[in-house]
Amino acid sequence: MAALVLKIFLAYLLGSVSGSLLLGRLKKVDIRSQGSGNAGGTNAFRTQGLLFAIGVVLIDIGKGFIAAWWIPTLDFGGLPDVLDSSLLVMACGFAAVLGHVFPVWHGFRGGKGAATAVGALIVIEPWLLLPLVICWVITLVVTGYVGLSTVLASFSLVPASWAMNNNSLMVFSALLALFILFTHRANMRKLRKGTKFRFE
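Residues numbered from 1 in each chain as written. Predicted model: local features only at pLDDT ≥ 70, side-chain atom pairs only at ≥ 80, totals over all residues. Heavy atoms only, no water.

J.: Mind showing me how you'd approach the overall build of the chain here?
T.: From N to C terminus, the chain includes 11 helices and zero strands. Secondary structure elements in the chain, listed N-terminal to C-terminal, are α-α-α-α-α-α-α-α-α-α-α. The C-alpha atoms of the chain give a radius of gyration of 17 Å, which matches the 16 Å a tight globule of 200 residues would have. The burial tally for the chain puts 46% of its 200 residues in the buried class. Taking the intrachain contacts of the chain between residues at least 6 apart in sequence as the baseline, contacts between residues at least 24 apart amount to 66%. Taken as a whole, the chain presents about 10100 Å² of accessible surface, with 71% of it coming from carbon and sulfur. Within the chain, one finds 16 positive and 7 negative side-chain charges whose respective centroids are separated by 18 Å. (Helix = DSSP H or I, 4+ residues; strand = E, 2+ residues; numbered from the N terminus. Rg over C-alpha atoms; globule rule 2.2 N^0.38 Å. Buried < 20%, exposed > 50% of the residue type's maximum accessible area, 1.4 Å probe, protein only. Contact = heavy atoms within 4.5 Å. Areas by Shrake-Rupley, 256 points an atom, 1.4 Å probe, with all protein chains shown as cover. Lys, Arg positive; Asp, Glu negative; His and termini not counted. Charge placed at Lys NZ, Arg CZ, Asp CG, Glu CD.)

Spelled out as structure tokens, the structure:
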């Protein structure tokens, strides 16, 4: 149990390293005070431009990948893991997403978790990226709403996991989709009220 807690905690700490805030310090800018006030890739693009946003997304995807790929393999002096390896990978990946949204290093004000979730999914089940990307692109082209595209894309993971006949993966996908919906709740409220801007 101790090894499980340590690994999940480390994954959370890694997830708490925000790409936008890290790069923002180099530019002496906090994007949480600009645009939508979110520390994610979309607001980074809207307020700081393409190159800055690419750097942000690469960092955020990278930490999700490392949290799910490397942290579960750590050996803490022979302390046994109490979870199956695949479940441990999912737990660490989800912890990194939590860290991105509620970063301990940045006053618990982070992004919405999508890019970090993508990084974790590369390790957990890369085939899930196919329906994710297809759904995201189609929704974005049809509606122009990034937030809605991200939410619907995350929910596409549930039937995709079901089709793979993997119950653990389906539970993980459902929890992740609900969490992404939670982090995009302001977007959904604006959309419902008709005050949401396209490509936000």
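J.: Could you clarify how one ought to interpret the packing of helix α2 (residues 19-27) against helix α4 (residues 50-69) in this entry?
T.: Angle between the axes and distance between the axes: these two values describe a pair of packed helices. At a minimum axis separation of 8 Å, α2 and α4 run at an interaxial angle of 135°. Judged on the interaxial angle alone, α4 and α2 are oblique. As α2 runs across α4, the sense of the crossing is right-handed. Residues Gly 19, Ser 20, Leu 22, Leu 23, Gly 24 and Lys 27 of α2 form the contact with α4, whose own contacting residues are Phe 52, Gly 55, Val 56, Ile 59, Asp 60 and Lys 63. Classifying every residue of the contact of α2 with α4 gives five nonpolar, four polar and three charged. (Axes fitted to C-alpha atoms, helices over the stretch in contact; angles between N-to-C directions. Parallel < 35°, antiparallel > 145°, perpendicular 65-115°, else oblique. Left-handed = near helix turned anticlockwise from the far one by under 90°. Nonpolar A, V, L, I, M, F, W, Y, C, P; charged D, E, K, R; others polar.)

J.: Teacher, can you tell me more about the packing of aromatic side chains here?
T.: The geometry of an aromatic ring pair comes down to the distance between the two centres and the angle between the two planes. Summed over all chains, the structure comprises five aromatic pairs. Ring plane angle 55° and centroid distance 5.7 Å describe the contact between Phe 94 and Phe 179, whose orientation is recorded as tilted. Placement of Phe 94 in helix α5 (residues 85-101) and of Phe 179 in helix α10 (residues 167-183) is noted, with a sequence separation of 85 residues between them. With centroids separated by 6.1 Å and ring planes inclined at 25°, the aromatic side chains of Phe 179 and Phe 182 adopt a geometry described as stacked. With Phe 179 and Phe 182 both in helix α10 and three residues apart, the pair spans about one turn of that helix. The partly exposed category is assigned to Phe 182, whose relative accessible area is 38%. Following the ring pairs from residue to residue traces out a cluster consisting of Phe 94, Phe 102, Phe 172, Phe 179 and Phe 182. (Phe/Tyr/Trp six-rings, centres within 6.5 Å; stacked < 30°, edge-to-face > 60°.)

J.: Quick question: what am I supposed to make of a positive patch on the surface here?
T.: Positive charge collects at one region of the surface, where Arg 185, Arg 189, Arg 192 and Lys 193 lie side by side. Structurally, the position occupied by Arg 189 is in helix α11 (residues 185-193). Here Arg 189 falls in the partly exposed class, since its relative accessible area comes to 39%. (Patch = residues over 30% accessible without salt bridge, like charges linked within 9 Å, V, L, I, M, F, W, Y side chains within 5 Å. Salt bridge = Lys/Arg side-chain N within 4 Å of Asp/Glu carboxyl O.)

J.: Quick question: what am I supposed to make of the pattern of salt bridges here?
T.: Close approach of charged atoms allows side chains with opposite charge to pair. Tallied over the full model, the rule gives two salt bridges. The closest approach of N and O atoms between Asp 30 and Arg 32, which form a salt bridge, is 3.0 Å. The class of Asp 30 is partly exposed, set by a relative accessible area of 28%. A relative accessible area of 16% places Arg 32 in the buried class. Across the pair Lys 63 and Asp 60 runs a salt bridge whose closest N-O atoms are separated by 3.4 Å. Of this pair, Lys 63 and Asp 60 both sit in helix α4, three residues apart, which is roughly one turn of the helix. Side by side, Lys 63 and Asp 60 carry an identical accessibility label, which is buried.

Nothing here speaks to function; it is geometry throughout.
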